[in-house]
Amino acid sequence: MTAIDFTPLFRSAIGFDRLASALESAYRSEAGGYPPYNIEVTGNDKYRISMAVAGFSEKDLDVQVKESILTVSGSHKEEDKEKERRFLYRGIATRNFERQFQLADYVKVVDARIVDGLLHVDLVREIPEAMKPRKIEVRSDAGSLLEGKAQKAA
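Residues numbered from 1 in each chain as written. Predicted model: local features only at pLDDT ≥ 70, side-chain atom pairs only at ≥ 80, totals over all residues. Heavy atoms only, no water.

Visitor: I'd like a description of the overall build of the chain, backed by residues and values.
Guide: A tally of helices and strands in the chain yields 4 helices and 7 strands. Of the regular secondary structure in the chain, the N- to C-terminal order runs α-α-β-β-β-β-α-β-β-β-α. Each of the 154 residues in the chain was classed as buried or not, and the buried ones make up 18%. Looking at the chain alone, contacts between residues at least 24 apart form 52% of all its contacts between residues at least 6 apart. As presented, the chain carries roughly 12700 Å² of accessible surface, and 52% of it is formed by carbon and sulfur atoms. (Helix = DSSP H or I, 4+ residues; strand = E, 2+ residues; numbered from the N terminus. Buried < 20%, exposed > 50% of the residue type's maximum accessible area, 1.4 Å probe, protein only. Contact = heavy atoms within 4.5 Å. Areas by Shrake-Rupley, 256 points an atom, 1.4 Å probe, with all protein chains shown as cover.)

Below you can see the structure in the form of structure tokens.
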């Protein structure tokens, strides 16, 4: 496996610590895993993460956001009923899990719900008004120059 060294990026980029850390963690994380998930664009600056969480109820799931990291975890409480059950074959995975997603600046979680065995986490990017581009009117000083000449002539 080839290792990528991000040290030059840390040395020359000032104030981009989160970007370098995100690149490094993305390189280290493996694709796939449990549970499977989709990330989709649902609109302009709107996103949805859908995770297959069959066998989990809302009380078994925990969704948290801390410092731009969305953490989704699921854990089953060992119940007496589970211990008494005997399986000939167990193909439905219901093991505990934790998945983390790095959120970009100004991305907020607006909703999380379970529908048909899928956990849907809706996200929206809300850029503050001060950060949005704005149109600056370009004026001509020709009108004010003519007024200035007329005032000097008088």
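Visitor: Tell me about the pairing of strand β5 (residues 97-102), and name the residues and values.
Guide: Side chains Phe97, Arg99 and Phe101 of β5 all project onto a buried face; the interleaved residues Glu98, Gln100 and Gln102 project onto a face where none is buried. Note: strand β4 (residues 69-74) against β5, 6 bridges, orientation antiparallel. Residue pairing across strands places Ser73 opposite Glu98, the latter belonging to β5. (Pairing = 2+ DSSP bridges.)

Visitor: I'd like a description of the nonpolar core, backed by residues and values.
Guide: Within the largest apolar cluster, 15 residues are counted, with the highest numbers of intra-cluster contacts made by Ile49, Met51, Val53, Leu70, Phe97, Leu119 and Leu123. Those elements that place two or more of their residues in this core are β2 (46-52), β4, β5 and β7 (118-125). Among the elements that take part in this core, β7 stands out by supplying 3 residues, more than any other. Leaving out residues up to four positions away in the same chain, Met51 has contacts with Pro35, Pro36, Tyr37, Val72, Phe97, Arg99, Phe101, Gly117, Leu118 and Leu119. (Core = buried A, V, L, I, M, F, W, Y, C linked by side-chain atoms within 4.5 Å.)

Visitor: Go over the environment of Val53 with me, naming the residues and quoting the values.
Guide: In this fold, Val53 is placed in the loop between β2 and β3 (61-66). You can call Val53 buried: its relative accessible area is 1%. A sequence separation of 19 residues divides Val53 from Tyr34, and the C-alpha atoms of the two residues are 9.3 Å apart.

Visitor: Outline the environment of Asp62, supporting the account with residue identities and numerical values.
Guide: One can find Asp62 in strand β3. Residues Asp62 and Val72 lie 10 residues apart in sequence; the distance between their C-alpha atoms is 5.8 Å. Apart from the residues within four sequence positions on either side, Asp62 is in contact with Thr71, Val72 and Ser73.

Visitor: I'd like a rundown of the sheet that holds β7, residues and numbers included.
Guide: Strand pairing within a sheet occurs via backbone hydrogen bonds; the two strands may be parallel or antiparallel. Strand order in the open sheet formed by 4 strands is β1-β2-β7-β6, and the pairing between neighbours is antiparallel. Each edge of the open sheet carries a strand with a single partner, namely β1 (37-43) and β6 (107-115). In this sheet, neighbouring strand axes are inclined to one another by 20° on average, regardless of whether the strands run parallel or antiparallel. In the sheet, β2 pairs with β7 via 7 bridges, with the strands oriented antiparallel. Pairing of Ser50 across the sheet is with His120, part of β7. (Axes fitted to C-alpha atoms, helices over the stretch in contact; angles between N-to-C directions.)

Visitor: Describe in detail a nonpolar patch on the surface, supporting the description with residues and values.
Guide: Together, Tyr106, Ile127 and Met131 make up an exposed nonpolar region whose accessible area comes to about 280 Å². A residue is classified by how much of its surface remains accessible, and Tyr106, at 37% relative accessible area, is partly exposed. (Patch = residues over 30% accessible without salt bridge, like charges linked within 9 Å, V, L, I, M, F, W, Y side chains within 5 Å. Salt bridge = Lys/Arg side-chain N within 4 Å of Asp/Glu carboxyl O.)

Visitor: Can you lay out the sheet that holds β5 for me, pointing to particular residues and giving the numbers?
Guide: Taken in spatial order, the 3 strands of this open sheet run β3-β4-β5, and their pairing is antiparallel. Looking along the sheet, the strands with just one partner apiece sit at the ends: β3 and β5. For this sheet, the mean inter-axis angle between neighbouring strands, taken without regard to orientation, is 15°. In the sheet, β3 pairs with β4 via 6 bridges, with the strands oriented antiparallel. Each residue of the ladder has a partner; that of Val65, found in β4, is Leu70.

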